[in-house]
Amino acid sequence: MTSPMPVRPPEPPERPPPADSEKAPVQARQSRLLAPLRETGKLFALAVAVARAIFRRPFQMREFIEQFWFVASVTILPAALVSIPFGAVIALQVGSLTQQLGAQSFTGGASVLAVIQQASPLIVALLISGAAGSAICADLGSRKIREELDAMEVMGVSPVQRLVVPRVLATMLVAVLLNGLISVVGTLGGYFFNVIMQDGTPGAYLASFSALAQLPDLYISEFKALIFGFIAGIVAAYRGLNPRGGPKGVGDAVNQSVVITFMLLFFVNMVLTAIYLQIVPAKGS
């Protein structure tokens, strides 16, 4: 009599992997993709909060004066020293080009317009963000890691109104005043190099300037400086309020604030210039 064949037990069904393990990589990728959008939204929210807090009382006049003096003291001398070679380079390059085209009499107007409309606001923006913005970011970042800002919030004091608003207003006011200084110094430097080194005539330099330049050119220059000062102050304050990783994070935040400000400034300058050239017609057209 033969024994019955053993029956093999059925294999247990394979368990599906947990849903969380499948969703985790997807969520991580989405989080990395959305991180720049979140940072941009937070930066814009801080700009709106600062714009609203400007008109609230009490206004921190003492803090504003201290920050204004600090920003002015670290930017006036570098701005004057940078504007001279900047105006000279523009005058020499434009003068060389106009000589090739046979229009040397327009050297003054072209070089002065380039200094006032483009060079002066950009010099202001680079100096404000590089010298003053980095200091503002480091100051706020050190306060953040020492938990001073958290203590202010516990006591019912808004760090934005108490610390950020005076600093942003100081950068805006210094930028506007510094823009006028750089425009004057750059124009004088261009005049000197054109007349002395390129054998230009003072009368032709001034006549071409009055023939091509108009008052809205100065308006757009000052408006650019105002906007650039606001952007530099906001970016520096945002990175200072959000450092990561302790003291090392403060240093990284300072570097990031300068780089982000530079990128935003060049983009905003392009947009404002394009809008201005479309709205304001050239003189004599």
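Residues numbered from 1 in each chain as written. Predicted model: local features only at pLDDT ≥ 70, side-chain atom pairs only at ≥ 80, totals over all residues. Heavy atoms only, no water.

**Some details on the environment of Ala132**
- Secondary-structure assignment places Ala132 in helix H3 (residues 107–145).
- Put simply, Ala132 and Val71 are 61 residues apart on the chain and 5.4 Å apart in space, counted from C-alpha to C-alpha.
- Those residues in contact with Ala132 that lie beyond four places of it in its chain are Val71, Val74 and Leu127. (Helix = DSSP H or I, 4+ residues; strand = E, 2+ residues; numbered from the N terminus. Contact = heavy atoms within 4.5 Å.)

**As for the nonpolar core**
- Membership of the largest hydrophobic core comes to 34 residues, with the highest contact counts inside it found for Leu46, Val50 and Val164.
- Secondary-structure elements contributing two or more residues to this core are helix H1 (19–53), H3, helix H4 (148–154), helix H5 (159–197), helix H7 (215–241) and helix H8 (246–279).
- When sequence neighbours within four positions are dropped, the list of residues in contact with Val50 reads Val160, Val164, Val165, Val168 and Ile234.
- Counting 14 residues, the second-largest nonpolar core is a separate cluster that includes Val71, Leu127, Ala132 and Val174. (Core = buried A, V, L, I, M, F, W, Y, C linked by side-chain atoms within 4.5 Å. Buried < 20%, exposed > 50% of the residue type's maximum accessible area, 1.4 Å probe, protein only.)

**Here's the deal with H5**
- Relative to the 57 Å expected for 39 residues at 1.5 Å per residue, H5 spans 53 Å between its end C-alpha atoms, a close match to the ideal helical length.
- Val165 marks the point of greatest bend in H5, at about 30°, and the proline Pro166 comes within the next four residues.
- Looking one or two residues beyond H5, the residue adopting positive phi is Asp199, at roughly 60°. (Expected span 1.5 Å × (residues − 1). Bend = angle between axes of the 7 residues up to and from the residue.)

**Focus: the side chain of Arg167**
- Tracing the backbone through its elements, the reader meets Arg167 in helix H5.
- Taking the relative accessible area as the measure of exposure, Arg167 reaches 2% and is therefore buried.
- A polar atom in the side chain of Arg167 sits 2.9 Å from the backbone oxygen of Leu163.
- If sequence neighbours within four positions are ignored, Arg167 has contacts with Glu63, Gln67, Ile136, Asp139, Leu140 and Arg143. (Polar contact = N/O pair within 3.5 Å; in protein donor to acceptor, adjacent residues only side chain to side chain.)

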